[in-house]
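So you can see what is in the structure, the chains are spelled out below.
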Amino acid sequence: MKAISIILWSAALVVGVTVTNNVVSVHAEQISQVQGSNASAYPPILEKAFKTKLVNEVALSPDGEKIAAVIIDYSRETPGRSLRIISGSGKASLIYGLGAPSAPAWSPDGDKLAVISAGALKLINPADGTITALDLPLSVRAFKWSPDGQTLAIVASSPEKPAKEEAQQHNPDWRAPTPPLNALYIVNLGAPQESLRKLSTDEQHVAHALAPGFDWSPDGQAIAFSWTDEALASAWGQSRISMVNIATGETNTASGLVAAFNPLYSPDGKKLAFLKVDDGPSSHRILRTHILDIASGGIIPFANTPDQMPYLLSWTSDSSGVFFAETHRTLSTFGIVREGGVKRLDIGERLISSVHLIPVGHPVDISRDGTRAALVLEKSNQPPEIYVHSLGEGQPNPVSEINAAVVKEGYPSSQTVEWQNSEGDMIEGLLTLPLGHVPGTPLPVLTFVHGGPPNVSQDVFLSAPHIFPRGALLEKGIAIFSPNFTGSLGYGGAFRRHLAGALGQRDIDDVLTGVQHLVDTGIADPEKLAIGGWSYGGYVSSMAIRRSDRFLAASIGAGPSNLVSYIATSDFSQLFEDYFAGARPWQAVEAFSEASPVAHPAAGKLKVLIQHGESDQRVPFSQAIENLYSLKTSGADVRLSVFPGRGHVLFTPADLRVSSCENYILFTSVLLAENSTGDAMNCGK
């Protein structure tokens, strides 16, 4: 068999690799340095995106007058995270002496600000900027102030006992360590080391990443928390909610609640709000707000939110409803859910940044009295900024100028576009045309496919740091098409559930019929089409180039290629099993095979770039090798770009520069006949 040439990337090294019969060997003589911080090493057009700063988290002071915000700056070699305190007038002060700050939270009296800094807790006095570190033997993941401001509840990696060894049977990929369990602690700020006390058991993993949440009772006598018995991603569906008495340590687990999380005590202390999966634990995640009457144990459901995928933020001050945020088509919904219905709060035609990723980030926070909110908002032509919203009074007002220099340059706006798929269903997506486009002139088009499946393409600012350099491609005259295929967030639970039994079919048809719609309406040049995506977007791209020969190029990022081997090696095997009615591959061999890209040859002689993190646990690196072999042997021109030591997400500036540069060269060379002699190696020299 002919040897397959691969390029192996890291943040500091580019290593040539040869694969023969799926055996990898490293050619050390081909090593060259990647200068991740050297802007001149990359096409200058790509550096514009790295000027955009992201606002990851906001925390509104109790009086609603100040905002603590975590700002991420990608202009340096390592992500520069800084903490800023912004007043209502827009005046900002920078807090120095913090390493990678996250999760800022004000004390109840507003005199102190606590943050996580490199896994440790630190207290800040905003008046003079002094910082006090809490010396605790913990790696802190999350925390909350007690109502009296004297104690912190902390979720941290448990130092006493590692995750259960039997969890390995659910994670056979020998390279992937079983994640450690998180435990719940409390610590009194007057004597941190002496007062540190664990409240959860050794068998509980507190605040699972996919089923998070813990909260103090208003009287400070109890904490409600969600937990699972494993830390693996697929364990989220077994999440339960317990309430622990602080004084006695006695724990009461809510009876009959499975796949429940995000607990919040009402201000009057009589009720506990939480989210619960409405149709059983599945990857579709049809979520509904429920209310537990603490005295009687009775549970009532609140109204369904539009997308049935909310995240609960806080109660209203009168304990009648709960503030929430969720996706809504290509934008977002911010509102109040009650038993009788949902009230939407007007935030204009803007998107709450990363609303679908809450609580990984915290782009919205609400004052204690429920009258004001701080939000991070953006649009396709407006970079993220912080806004303050007097709830019930007009629209949010901007209070930051974090990206003032960026916005002056001018950017194109995205527009929604609709089309019918082959079954006659209406599908929606976003279309972004280059500035200065002459109507009636067909354009080269990149179809950008989002991950998930339960994810969504939204009206985000496109000229921000990203693996796919959409802002730069738009500037070069390439239109960006972002379809929200069946299974996407933002269109309700039934739309997500509709992909069950049709994975690899209905979603691919939605994308291909969308591309055909752009061709039929004269927007897309049928001879200049490309496709790409990351994670599930990589999977959809892999399937699309097997179903259609119209694409000249494809970029497949960390995408599953063989669903049988994926389920055997991924830390989240449930993700695909749910779309096959819970069947295992050996129970539905034909269905799993038909939905696997490697079972089908490439439909055309296209150019393909595969990008993958070598230490990816979600979609193991072996999936890239299988896809490489399948595409190469069916005639495609394939390059595999490997990121050693990286997991499922690329986030360092160096990684993003390399990956975006590779994609830029791929798409401009194929769609515009530029960089025709370009090689991925140019991205690091």
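Everything below is about the structure shown above.
Worth saying up front: this structure is predicted, and the values here are computed from it rather than measured.

About the thresholds
- Residues numbered from 1 in each chain as written.
- Predicted model: local features only at pLDDT ≥ 70, side-chain atom pairs only at ≥ 80, totals over all residues.
- Heavy atoms only, no water.
- Pairing = 2+ DSSP bridges.
- Helix = DSSP H or I, 4+ residues; strand = E, 2+ residues; numbered from the N terminus.
- Expected span 1.5 Å × (residues − 1).
- Buried < 20%, exposed > 50% of the residue type's maximum accessible area, 1.4 Å probe, protein only.
- Axes fitted to C-alpha atoms, helices over the stretch in contact; angles between N-to-C directions.
- Phe/Tyr/Trp six-rings, centres within 6.5 Å; stacked < 30°, edge-to-face > 60°.
- Salt bridge = Lys/Arg side-chain N within 4 Å of Asp/Glu carboxyl O.
- Core = buried A, V, L, I, M, F, W, Y, C linked by side-chain atoms within 4.5 Å.
- Parallel < 35°, antiparallel > 145°, perpendicular 65-115°, else oblique.
- Left-handed = near helix turned anticlockwise from the far one by under 90°.
- Contact = heavy atoms within 4.5 Å.
- Nonpolar A, V, L, I, M, F, W, Y, C, P; charged D, E, K, R; others polar.

A. Seen up close, the sheet that holds strand β12 (residues 140-145). One open sheet accounts for 4 strands, arranged β12-β13-β14-β15; its pairing is antiparallel. Looking at which strands have only one partner, the edges of the open sheet turn out to be β12 and β15 (197-198). In terms of strand pairing, β12 meets strand β13 (residues 151-157) through 5 bridges, oriented antiparallel. Along β13, the bridge assignment pairs Ala-142 with Val-155.

B. Layout of helix α7 (residues 536-547). With 12 residues, α7 extends 16 Å from end C-alpha to end C-alpha; this agrees with the ideal 16 Å at 1.5 Å per step. Burial within α7 is extensive, with 11 of its 12 residues counted as buried. Residues of α7 that are buried: Tyr-536, Gly-537, Gly-538, Tyr-539, Val-540, Ser-541, Ser-542, Met-543, Ala-544, Ile-545 and Arg-546.

C. Seen up close, the sheet that holds strand β24 (residues 299-301). Taken in spatial order, the 4 strands of this open sheet run β21-β22-β23-β24, and their pairing is antiparallel. Since the sheet does not close on itself, it has two edges, and those belong to β21 (260-265) and β24, each with one partner. The average undirected angle you get between the axes of adjacent strands in this sheet is 25°. Note that strand β23 (residues 287-293) and β24 share 3 bridges and pair antiparallel. Of the residues in β24, the one forming a bridge with Ile-291 is Ile-300.

D. A look at the packing of aromatic side chains. This model, assessed by the stated rule, comprises 9 aromatic pairs. Ring geometry for Phe-323 against Phe-334: centres 6.4 Å apart, planes inclined by 25°, an arrangement best described as stacked. Of this pair, Phe-323 sits in strand β26 (residues 322-328) while Phe-334 sits in strand β27 (residues 331-338), placing them 11 residues apart in sequence. Here the aromatic rings of Tyr-491 and Phe-495 are separated by 5.3 Å at their centres, their planes lie at 50°, and the arrangement is tilted.

E. Examining helix α12 (residues 653-671) more closely. Between its first and last C-alpha atoms α12 spans 26 Å; for 19 residues at 1.5 Å apiece the expected length is 27 Å, and the two agree. The element α12 is largely enclosed, with a buried count of 18 among its 19 residues.

F. Quick look at the pattern of salt bridges. Under the definition given, this model contains 12 salt bridges. Of the charged contacts in the structure, one is a salt bridge between Arg-657 and Glu-47, with a shortest N-O distance of 2.8 Å. With Arg-657 in helix α12 and Glu-47 in helix α1 (residues 44-47), this pair connects stretches of sequence that are 610 residues apart. Residue class for Arg-657 comes out buried when judged on its relative accessible area of 2%. Since its relative accessible area comes to 13%, Glu-47 is described here as buried.

G. The nonpolar core, seen in detail. Judged by nonpolar contacts, the single largest core of 79 residues is most densely connected at Leu-503, Ile-545, Val-608, Ile-610 and Leu-631. Within the second largest apolar cluster, 31 residues are counted, among which are Leu-462, Ala-472, Ile-478 and Ile-665.

H. Quick peek at the packing of α7 against helix α11 (residues 622-633). Between α7 and α11, the least distance of the axes is 13 Å, while the angle of their chain directions is 15°. Judged on the interaxial angle alone, α11 and α7 are roughly parallel. Our pair here, α7 against α11, has a crossing hand that is left-handed. Taking contact as the criterion, the partners of Ser-542, Ile-545 and Arg-546 in α7 are, on α11, Asn-627, Ser-630 and Leu-631. Considering only residue class, the contact of α7 with α11 consists of 2 nonpolar, 3 polar and 1 charged.

Structural measurements only, silent on function.
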